[in-house]
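So you can see what is in the structure, the chains are spelled out below.
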Amino acid sequence: MADAKISMYLPPNVNPTQAAIAYGCRALPKLNEELQSDDLLTRQQALMALCDLMHDPEHVYTAISIGCLESLKALLKDTNDLVRIKTTEVLCIMATHNVGREGFLEHNVIQALSFLLSDAQPACRENLYTAFKHLAQLPAGALGIVNSGLIPSLVWKLQREEEEIQVLLLDTLAACLTEDATEALASRAVPFLKEKLLSTNCDIRSKAARTLIAVSVPPEGKVQVWQHDVIPILVHLLKDRDEEVQANAAGALMNATVTTEGKYAALDVEATRPLLQLLTSSLSKARLNAIKALTMLAEAPEGRKLLQPHVATFRALEEDFSPAVQRAAQIAIRVIEWKP
C-alpha cells in the first residue's frame, strides 16, 4: 500500500506575491489593514491583491467607503519603489471607473499623486499620468486638475518625458484646457505644442494638434497660435499620412483662423487647397473641421474669391450622412455666396 506524501511545493496557480484574500465582506477591510502594515512584504502583497479586485466598480466603491484611498495616499510616499509603483497602478485602475474618479476628487488624490511627477521610476510616472488621463475624462476631474495648479508642471513635463508618457500628457492636457486654458497659455504651451507637431510619432502629432484645438478656443490662444507661426505647420499637417492628424490640424486651423491675422496667415500658405481635399475624407470629423476652417477663410474677401468656384462641392456635402456636416456646408455656402 502506497504511503501518502505531502508536497513541499505550492499548488498550481497560486501567486506567492499576492496576499490571501479574506472571505466575503471581510476581504477589503483586511487588505486595508495590511496596506498600513509595518511589514514591507505584507504591504506589497496587499497591493497585488487590490490590483485584481479594483477592476470591479463595486469593489472600488467599497474600498473608498472603508478608507482605502487614505491608505493608498500614504503609500505614495513609501520609500520602496515597488510599493509606489503598485500603489499608482491600483489608483490607475480605480480611475477607470466613474466612482473611482469621483472618489479622487472627494479625497484630494490629485494633490497626493502630484508629488510623484518627478519620481525616478518610469512605471510609477506612467501609472500616474494614465490615472490623470482617466480622471480628465470627467469634466469635474479635468477642472480638478486645473484647480490643483498642475497645468504648468504638466506642460513643462511634456518636454522631458519619453514618448509613451507624452501621449498620456497630451490626452490629459487636451481635456483640461477645454475647461480652462489660462495657465497653459501663460506657461508657453503653444510653442511647446508647436514642437510636438513636428514629431515623427503620428500619435504625438495628432494629440498635439488636438490640444491646440483646446488651447486656441480663448482669444489669447488664437493670437499665440498666429504669433508663434504655428499656422504654416498646421497647413502642412493637412497633408499628413495619418487621417487623425489631418482632422485635428483642420480643427486647430478652424479656431486659429477666427482672427483676421489668422485668416491671412493661412491664406498666405495656401491653406484652401489642402482643406478642400479634406472635404472628401472618410472621417466625418475631418470633413466638418475642414468646412468650418474654410468658412472662416471665406470671411476674408480673398478667401471668398478662391472658394466661389467650389460651391458645388459644398452643395454635395449638404447630402452628407452627418447632420453636423450638412449644417456646416449650408453655412459655408451662405458665407461664400455673400455679397456686400
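Residues numbered from 1 in each chain as written. Predicted model: local features only at pLDDT ≥ 70, side-chain atom pairs only at ≥ 80, totals over all residues. Heavy atoms only, no water.

## Things to note about the overall build of the protein
So, step 1. Along its length, the protein carries 23 helices and zero strands.
So, step 2. Computed over its C-alpha atoms, the radius of gyration of the protein comes to 26 Å, more than 25% above the 20 Å expected for a compact globule of 340 residues.
So, step 3. Expressed as lengths along the three principal axes of its C-alpha atoms, the size of the protein is roughly 100 × 50 × 35 Å.
So, step 4. Relative to its full complement of 340 residues, the protein shows a buried share of 54%.
So, step 5. Nonlocal contacts in the protein, meaning residues at least 24 apart in sequence, comprise 69% of its contacts between residues at least 6 apart.
So, step 6. Of the roughly 16300 Å² of accessible surface on the protein, a fraction of 54% belongs to carbon and sulfur atoms.
So, step 7. Across the protein, the centroid of the 33 positively charged side chains sits 6 Å from that of the 41 negatively charged ones. (Helix = DSSP H or I, 4+ residues; strand = E, 2+ residues; numbered from the N terminus. Rg over C-alpha atoms; globule rule 2.2 N^0.38 Å. Buried < 20%, exposed > 50% of the residue type's maximum accessible area, 1.4 Å probe, protein only. Contact = heavy atoms within 4.5 Å. Areas by Shrake-Rupley, 256 points an atom, 1.4 Å probe, with all protein chains shown as cover. Lys, Arg positive; Asp, Glu negative; His and termini not counted. Charge placed at Lys NZ, Arg CZ, Asp CG, Glu CD.)

## Here we look at the nonpolar core
So, step 1. Core analysis: the biggest nonpolar cluster contains 112 residues, and M54, M94, F104, I145 and I151 have the highest contact counts within it.
So, step 2. If one sorts the elements of this core by residue count, helix α11 (residues 163-179) sits on top with eight residues.
So, step 3. When sequence neighbours within four positions are dropped, the list of residues in contact with I151 reads I145, V146, L173, C176, L177, E183 and A184. (Core = buried A, V, L, I, M, F, W, Y, C linked by side-chain atoms within 4.5 Å.)

## Things to note about the packing of helix α8 (residues 122-136) against α11
So, step 1. Their axes nearest at 9 Å, the elements α8 and α11 cross at an angle of 25°. The angle between α8 and α11 falls in the class roughly parallel. The element α8 and its partner α11 pack so that their crossing is left-handed. Together, P122, R125, E126, Y129, T130, F132, K133 and A136 of α8 and I165, L168, L169, D171, T172, A175 and C176 of α11 make up the contact between the two elements. (Axes fitted to C-alpha atoms, helices over the stretch in contact; angles between N-to-C directions. Parallel < 35°, antiparallel > 145°, perpendicular 65-115°, else oblique. Left-handed = near helix turned anticlockwise from the far one by under 90°.)

## Digging into the environment of D180
So, step 1. By secondary structure assignment, the location of D180 is in the loop between α11 and α12 (182-186).
So, step 2. Sequence separation of D180 and V215 is 35 residues, and the distance between their C-alpha atoms is 8.4 Å.
So, step 3. Within polar-contact distance, the side chain of D180 engages the side chain of T182 at 2.7 Å. (Polar contact = N/O pair within 3.5 Å; in protein donor to acceptor, adjacent residues only side chain to side chain.)

## Topic: the UniProt feature "repeat: ARM" (unreviewed entry) in the protein
So, step 1. Here, the residues flagged by UniProt with the feature "repeat: ARM" (unreviewed entry) are residues 229-271.
So, step 2. Strand forms 0% of residues 229-271 and helix 70%; the C-alpha atoms that close the span are 14 Å apart. (UniProt positions renumbered as here; feature names shortened; annotations may be inferred.)

## Quick notes on the packing of aromatic side chains
Each pair of aromatic rings is reported with the distance of its centres and the angle of its planes.
So, step 1. One pass over the full model with this rule turns up zero aromatic pairs.
So, step 2. The ring of F115 carries K77 above its face, with NZ or CZ at 6.0 Å from the centroid. (Phe/Tyr/Trp six-rings, centres within 6.5 Å; stacked < 30°, edge-to-face > 60°. Lys NZ or Arg CZ within 6 Å of the ring centre and 35° of its normal.)

## What to know about the state of the cysteines
So, step 1. Scanning the entire structure with this criterion turns up zero disulfides.
So, step 2. With no disulfide of its own, C51 lies closest to C92 among cysteine sulfurs, the gap being 9.4 Å.
So, step 3. What makes C92 buried here is its relative accessible area of 11%. (Disulfide = S-S within 2.5 Å.)

## Observations regarding unusual backbone geometry
So, step 1. Here the phi dihedral of N108 falls at roughly 55°; this positive angle occurs in a residue that is not glycine.
So, step 2. Within the secondary structure, N108 sits in the loop between α6 (98-106) and α7 (109-114).
So, step 3. A relative accessible area of 45% places N108 in the partly exposed class.
So, step 4. Backbone geometry at D229 places phi at a positive 55°, although glycine is not the residue there.
So, step 5. With respect to the helices and strands, D229 occurs in the loop between α15 (219-227) and α16 (231-237).

## A few points about the pattern of salt bridges
So, step 1. Across all of its chains, the model carries 15 salt bridges by this definition.
So, step 2. Here K73 and E70 are joined by a salt bridge, their closest N and O atoms 3.5 Å apart. In this pair, K73 and E70 are both assigned in helix α4 (residues 68-75), three residues apart and thus about one turn of the helix distant.
So, step 3. On the basis of relative accessible area, E70 is assigned to the partly exposed category, the value being 41%.
So, step 4. Across the pair D171 and R210 runs a salt bridge, and its minimum N-O distance is 2.5 Å. Here R210 lies in helix α14 (residues 202-215) and D171 lies in helix α11, a separation of 39 residues in the sequence.
So, step 5. Assessed through its relative accessible area of 10%, D171 is described here as buried.
So, step 6. Residues joined by salt bridges that share partners form a network here, namely K133, D171, K207 and R210. (Salt bridge = Lys/Arg side-chain N within 4 Å of Asp/Glu carboxyl O.)

## Details of the packing of helix α9 (residues 139-147) against α11
So, step 1. Running from N to C, α9 and α11 point in directions that differ by 90°, and their axes come no closer than 8 Å. In terms of their interaxial angle, α9 and α11 are classed as roughly perpendicular. Taken together, the residues of α11 that come into contact with α9 (itself represented by P139, A142, L143, I145 and V146) are T172, A175, C176 and E179.

## Looking at a negative patch on the surface
So, step 1. On the surface, a cluster of negative charge is made up of E126, E162, E163 and E164.
So, step 2. Within the fold, E163 resides in helix α11. (Patch = residues over 30% accessible without salt bridge, like charges linked within 9 Å, V, L, I, M, F, W, Y side chains within 5 Å.)

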